[in-house]
Amino acid sequence: MTYPVLSCTAIDARDPRALADFYSALLGLHCRPGDDMPPPPAPDDTDWIVLLDAAERRILAVQDKPDLRPSTWPSEEIPMQLHMDFRVPDEQELDVQRERAEDLGARLLMDRSRDPEEPLYVMADPEGHPFCLLVG
């Protein structure tokens, strides 16, 4: 039996370039050829940006969604709709990556960093999508 293979995960954004830049910096990704910022004076009207890893594999895509309403998690008024988990090797790196994420524009939603079972931070990216940084 064969199975489909996930090509990448797409995420909505009011500002696709800014969110692509956030995840590029956070995860060490880069734009697929042709999805880079166009040189001035050309406008950046890109509505679909694919991010690749160092082996040129598709990891994440960001698509234009001007009327996106950010999640209100933990309230369910506007649900998460998408949640990504990013592993780090230990609690020290967990704190380092939380600071990096915040410096890049993320905000802290929940601090469970001292949970002995599963230390983690729930963060929101610049568009409001929740994601976790966790030890694992």
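What you are looking at is a predicted structure, and each value in this text was computed from that prediction instead of being measured. (Residues numbered from 1 in each chain as written. Predicted model: local features only at pLDDT ≥ 70, side-chain atom pairs only at ≥ 80, totals over all residues. Heavy atoms only, no water.)

Some points on the overall build of the chain
Right, so step 1: For the chain, the count of helices and strands is two helices and eight strands.
Right, so step 2: Ordered by position from N to C terminus, the α and β elements of the chain give β-α-β-β-β-β-α-β-β-β.
Right, so step 3: Against the compact-globule benchmark of 14 Å for 136 residues, the chain has a radius of gyration of 16 Å, which places it among compact chains.
Right, so step 4: Its C-alpha atoms put the chain at 50 × 40 × 35 Å along the principal axes. (Helix = DSSP H or I, 4+ residues; strand = E, 2+ residues; numbered from the N terminus. Rg over C-alpha atoms; globule rule 2.2 N^0.38 Å.)

Observations concerning the sheet that holds strand β6 (residues 107-112)
Right, so step 1: The strand order across the open sheet built from four strands is β5-β8-β7-β6, with neighbouring strands paired in mixed fashion. Each edge of the open sheet carries a strand with a single partner, namely β5 (84-88) and β6. The mean inter-strand angle of the sheet, taken between neighbouring strand axes irrespective of direction, is 20°.
Right, so step 2: Pairing between β5 and strand β8 (residues 130-135): five bridges, direction parallel. Across the sheet, R87 pairs through a bridge with L134, a residue of β8.
Right, so step 3: Contacts from helix α2 (residues 91-103) reach β5, β6, β7 (120-124) and β8, with the element oriented near 155° to β8. (Pairing = 2+ DSSP bridges. Axes fitted to C-alpha atoms, helices over the stretch in contact; angles between N-to-C directions. Contact = heavy atoms within 4.5 Å.)

Looking at α2
Right, so step 1: Given a rise of 1.5 Å per residue, 13 residues ought to cover 18 Å, and the 19 Å separating the end C-alpha atoms of α2 matches this to within 8%.
Right, so step 2: On its buried face, α2 is in contact with α1 (16-27), β5, β6, β7 and β8.
Right, so step 3: At the N-terminal end of α2, a side-chain oxygen is found 3.2 Å from the backbone nitrogen of Q92, two or three residues along, and the residue is D90.
Right, so step 4: Of the residues one or two after α2, G105 is the one with positive phi, at around 120°. (Expected span 1.5 Å × (residues − 1). Polar contact = N/O pair within 3.5 Å; in protein donor to acceptor, adjacent residues only side chain to side chain.)

Details of the nonpolar core
As a rule of thumb, nonpolar side chains are buried together in soluble globular proteins.
Right, so step 1: In this structure, Y23, L51 and F131 are the most contacted members of the largest nonpolar core, which totals 23 residues.
Right, so step 2: Residue assignment for this core shows that the elements contributing at least two residues are β1 (9-13), α1, β3 (48-52), β4 (58-64), β5, α2, β7 and β8.
Right, so step 3: The dominant element in this core, judged by the number of residues it contributes, is α1, at five residues.
Right, so step 4: For Y23, the contacting residues outside a window of four places in its chain are I11, G28, L29, L51, L60, M84, F86, D125 and F131.
Right, so step 5: Among the nonpolar cores identified, the runner-up in size contains five residues, and W73, L120, V122 and L134 belong to it. (Core = buried A, V, L, I, M, F, W, Y, C linked by side-chain atoms within 4.5 Å. Buried < 20%, exposed > 50% of the residue type's maximum accessible area, 1.4 Å probe, protein only.)

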